[in-house]
Amino acid sequence: MMRNPLPVFLALGGLVACSPGATPRPSVILISIDTLRADHVGAYGYERDTTPFLDRFAEQSLLFERAFTPASWTLTAHATMLTGLQPDEHGILADGLAFSPETPLLAERLQAVGYRTLGLFFRGLINEERGFGRGFDVFQNHRNAEEAGAHLLSLLPQESGGPPLFLFLHLFDVHSQPFKPDSSIVYDSPEPHRNRFVAPDAAPLPELPSQVLWETEGLLDPEQREHLVALYDGAIHYVDTRLEQWFSELERRGLLENALVIVTADHGEALGQRANGRLHGHGGYYQEGLHVPLIVRLPDGSRAGERIQAPVQLGDLVPTILEVCGLAPDARLGGLSLREALPEDRIIDGARGSSRYALRWPEKYVDNGGGRVLHTDLSRDPLERANREVDAARLQSLVERARGERGPHPAPIPMGARSLAEEQQLRDLGYGGELDEELLPGSSPAAQGSGER
Ligand SMILES: [Zn+2]
């Protein structure tokens, strides 16, 4: 565990000192459920009862129907979530990079104005070496939700009344499990969740190592894929029940009073729904990769049950938190506070490696990294079965408009070398070579075929 007992003073522009007698700043609870597709959440219309707790929580909250990640990759997405900068601004576009020491992180901003900051995370691509731990009084990793819960309940205050709290909780249990050579399990969760949605007559999964299942194209027939999706859904149900348990304890301790609570995901999951049937990857630039749940409960509980259609992005979270917590806006950030009236025609964009996308609903433009730009109209073609090449300048001009006059931003720095064991751990999580191989719209003739969901 890393402890930073002394808050570091940071020369961040626009910080507002906490004045005696002022209204206490709200606590902030930000939960990132890694790999949770929006369309597998009940409140987003999923037919299975995967998320009974989150569905009830959504009734007390604002629900953003069109929320997008800037990249269907844990690292780049969380870098945006926790800085408010777009990928080409924070620069964490590829492995091997760490935040510039000059790039302000959300926890640093909140710590500097007196928040007690607690980061609980699954250590894979999120780690201290990249700078993710900056600004956290306690930055503690866990292996699963069970351990996360134990850390949460022991590290959180027993009662309200202390300094405002910032909790960042990253849960990895919906993500595919670390590969084991003697196991064919890709998505796993404890019973009674694991087989909750698996039909009694479900097609047996091939008894192959999980890594082979994950990486081999066309290995699963549609019935076997259904079985696998049911296991993924079981893991969602498991996480939902943990959240219910923890929220009940947070409530008992009074920690949800005057708290801004945000539940979201860093990206979705491919689930082998495209024509080649490959499981590998988090969905690339298809909607199953980019569309994430985003549920925001305001500290005063106002606007409960409101559903918002305007497109929003993970880069809006930091501006929202600054605004709700009474900190001055930061002109370096391009996101909007989610409490504002949001424009329907705003430009959402993202990038990873040399690939990128831009979306002005319902028009979506994707450059897979080769300079060709493919266009999809999501209102006519929601499953993205057809796209066509357009002038690459259309994507470029949307990104330029989204950036406006902001920047330049501090460049990332190289991360220290990893040990062989750390490299193997990342490969076991399915991260090795993912950038080159991941499904992207139009990246292969097969990938343009008959998607299903
Ligand atoms: Zn992730």
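Reading guide: rules and limits
- Residues numbered from 1 in each chain as written.
- Predicted model: local features only at pLDDT ≥ 70, side-chain atom pairs only at ≥ 80, totals over all residues.
- Heavy atoms only, no water.
- Helix = DSSP H or I, 4+ residues; strand = E, 2+ residues; numbered from the N terminus.
- Rg over C-alpha atoms; globule rule 2.2 N^0.38 Å.
- Buried < 20%, exposed > 50% of the residue type's maximum accessible area, 1.4 Å probe, protein only.
- Contact = heavy atoms within 4.5 Å.
- Areas by Shrake-Rupley, 256 points an atom, 1.4 Å probe, with all protein chains shown as cover.
- Lys, Arg positive; Asp, Glu negative; His and termini not counted.
- Charge placed at Lys NZ, Arg CZ, Asp CG, Glu CD.
- Pairing = 2+ DSSP bridges.
- Phe/Tyr/Trp six-rings, centres within 6.5 Å; stacked < 30°, edge-to-face > 60°.
- Lys NZ or Arg CZ within 6 Å of the ring centre and 35° of its normal.
- Donors = N, O, S within 2.8 Å, 3.2 Å for Na, K, Ca; no water.
- Axes fitted to C-alpha atoms, helices over the stretch in contact; angles between N-to-C directions.
- Parallel < 35°, antiparallel > 145°, perpendicular 65-115°, else oblique.
- Nonpolar A, V, L, I, M, F, W, Y, C, P; charged D, E, K, R; others polar.
- Salt bridge = Lys/Arg side-chain N within 4 Å of Asp/Glu carboxyl O.

Student: Even after reading the chapter, I still don't get the overall build of the chain, so can you show me in this structure?
Tutor: When helices and strands are tallied, the chain shows 12 helices and 19 strands. Taken over C-alpha atoms, the radius of gyration comes to 21 Å for the chain, in line with the 22 Å a tight globule of 453 residues would show. Dimensions of the chain along its principal axes, counting C-alpha atoms only, are 65 × 50 × 45 Å. The burial tally for the chain puts 58% of its 453 residues in the buried class. Put simply, of all contacts in the chain between residues at least 6 apart along the chain, 74% involve residues at least 24 apart. Split by element, the accessible area of the chain, about 17,600 Å² in all, is 52% carbon and sulfur. In the chain, 42 positive and 64 negative side-chain charges are present, and the distance between their average locations comes to 3 Å.

Student: I would appreciate a short explanation of helix α1 (residues 52-59) in the present structure.
Tutor: Each α-helix winds once per 3.6 residues, and so residues spaced three or four apart point in a common direction. Among all positions of α1, only Phe-53, Leu-54, Asp-55, Phe-57 and Ala-58 are buried. Buried residues along α1 sit in contact with β2 (27-33), β3 (62-64), α7 (222-252), β9 (259-264) and β11 (294-297).

Student: Looking at this model, I keep getting lost on the sheet that holds strand β10 (residues 291-292). Mind explaining?
Tutor: The strands making up a sheet associate through hydrogen bonds between their backbones, and the pairing can be parallel or antiparallel. Ordered by their spatial adjacency, three strands build an open sheet running β10-β4-β13, and the pairing between neighbours is mixed. The outermost strands of the open sheet, each flanked by one partner alone, are β10 and β13 (312-313).

Student: Just to check I follow, could you spell out the packing of aromatic side chains for this structure?
Tutor: For any two aromatic rings, the description comes down to two numbers: the centre-to-centre distance and the angle of the planes. Counted by the stated rule, this structure contains 13 aromatic pairs. Plain terms: the ring middles of Phe-53 and Phe-57 are 6.3 Å apart, the flat faces sit at 20° to each other, and that makes the pair stacked. One end of the pair, Phe-53, and the other, Phe-57, are both in helix α1, four residues apart, so they sit about a helical turn from each other. There is no split in this pair, since Phe-53 and Phe-57 are both buried. Ring geometry for Tyr-187 and Tyr-232: centres 5.3 Å apart, planes at 70°, overall edge-to-face. Taken together, the residues span a long stretch of sequence, with Tyr-187 in the loop between β8 (165-171) and α6 (210-215) and Tyr-232 in helix α7 at a distance of 45 residues. The same class applies to Tyr-187 and to Tyr-232, which are both buried. Of the aromatic side chains, those joined through ring pairs into one cluster are Phe-121, Phe-136, Phe-139, Phe-166 and Phe-168. The lysine or arginine in question, Arg-274, covers the ring of Tyr-286, its NZ or CZ lying 3.5 Å from the ring centre.

Student: Would you mind showing me how to read the coordination of the zinc ion here?
Tutor: Each pair of donors in an ideal octahedron of six around a metal sits at 90 or 180 degrees, and each pair in an ideal tetrahedron of four sits at 109.5 degrees. Of the protein atoms, only Asp-34 (OD), Asp-34 (OD), Thr-74 (OG1), Asp-266 (OD) and His-267 (NE2) coordinate the zinc ion, at distances of 2.0 to 2.7 Å. Read in sequence order, the donor residues for the zinc ion give the motif D-x39-T-x191-D-H. Accessibility assignment for this pair places Asp-266 and His-267 in one class, buried.

Student: Could you clarify how one ought to interpret the sheet that holds strand β17 (residues 373-377) in this entry?
Tutor: One open sheet accounts for five strands, arranged β14-β15-β16-β17-β18; its pairing is antiparallel. On the outer flanks of this sheet lie β14 (348-352) and β18 (388-390), each paired with one strand and no other. Strand after strand, the sheet turns through a mean of 25° between neighbouring axes, direction not considered. Here β17 pairs with β18 via three bridges, running antiparallel. Paired with Val-373 across the strands is Val-390, a residue of β18. Its contacts with the sheet place helix α10 (residues 393-403) against β14, β15 (355-360), β16 (363-367), β17 and β18, and it is angled at close to 75° to β15.

Student: It is not clear to me how the packing of α1 against α7 should be interpreted in this structure. Could you clarify?
Tutor: Think of two packed helices as two axes; the pair is described by the angle between the axes and how far apart they sit. Across the interface, α1 lies against α7 with an axial gap of 7 Å and an inter-helix angle of 55°. One element, α1, and the other, α7, form an angle in the oblique class. Side by side, α1 and α7 meet where Pro-52, Phe-53, Leu-54, Arg-56 and Phe-57 of the first sit next to His-237, Asp-240, Leu-243, Glu-244 and Phe-247 of the second. Classifying every residue of the contact of α1 with α7 gives six nonpolar, one polar and three charged.

Student: For this particular structure, what's the right way to read the environment of Leu-167?
Tutor: Its place among the elements puts Leu-167 in strand β8. Setting aside anything within four residues of it in sequence, one finds Leu-167 in contact with Val-28, Ile-29, Leu-30, Leu-118, Leu-120 and Leu-152.

Student: Would you mind showing me how to read the environment of Ala-230 here?
Tutor: Tracing the backbone shows Ala-230 in helix α7. Here the alpha-carbon distance between Ala-230 and Arg-194, two residues 36 residues apart in the chain, equals 8.3 Å. Those residues within four positions of Ala-230 in sequence are excluded, and the remaining contacts are Arg-48, Arg-194, Phe-197 and Val-198.

Student: Please explain the pattern of salt bridges as it appears in this structure.
Tutor: Note on pairing: side chains with opposite charge can pair once their charged atoms come close. Taken as a whole and judged by the stated rule, the model has 25 salt bridges. Notably, a salt bridge pairs Arg-242 with Glu-146, separated by 3.7 Å at the nearest N-O pair. With a gap of 96 residues between them, Arg-242 in helix α7 and Glu-146 in helix α5 (residues 145-155) connect regions that are remote in the sequence. Taking the relative accessible area as the measure of exposure, Arg-242 reaches 15% and is therefore buried. Look at Glu-146 and you get partly exposed, because its relative accessible area is 44%. The salt bridge partner of Arg-332 is Asp-330, with a shortest N-O separation of 2.9 Å.

Student: Just checking my understanding: could you explain the packing of α5 against α7 for this structure?
Tutor: Interaxial distance between α5 and α7 falls to 11 Å at its minimum, and their mutual angle equals 10°. The angle between α5 and α7 places the two elements in the roughly parallel class. Of the residues in α7, those in contact with Ala-145, Glu-146, Ala-148, Gly-149, Leu-152 and Leu-153 of α5 are Tyr-238, Arg-242, Trp-246 and Glu-249. Across the contact of α5 with α7, the residue classes break down as six nonpolar, one polar and three charged.

Read these as layout, nothing more, since geometry by itself doesn't imply function.
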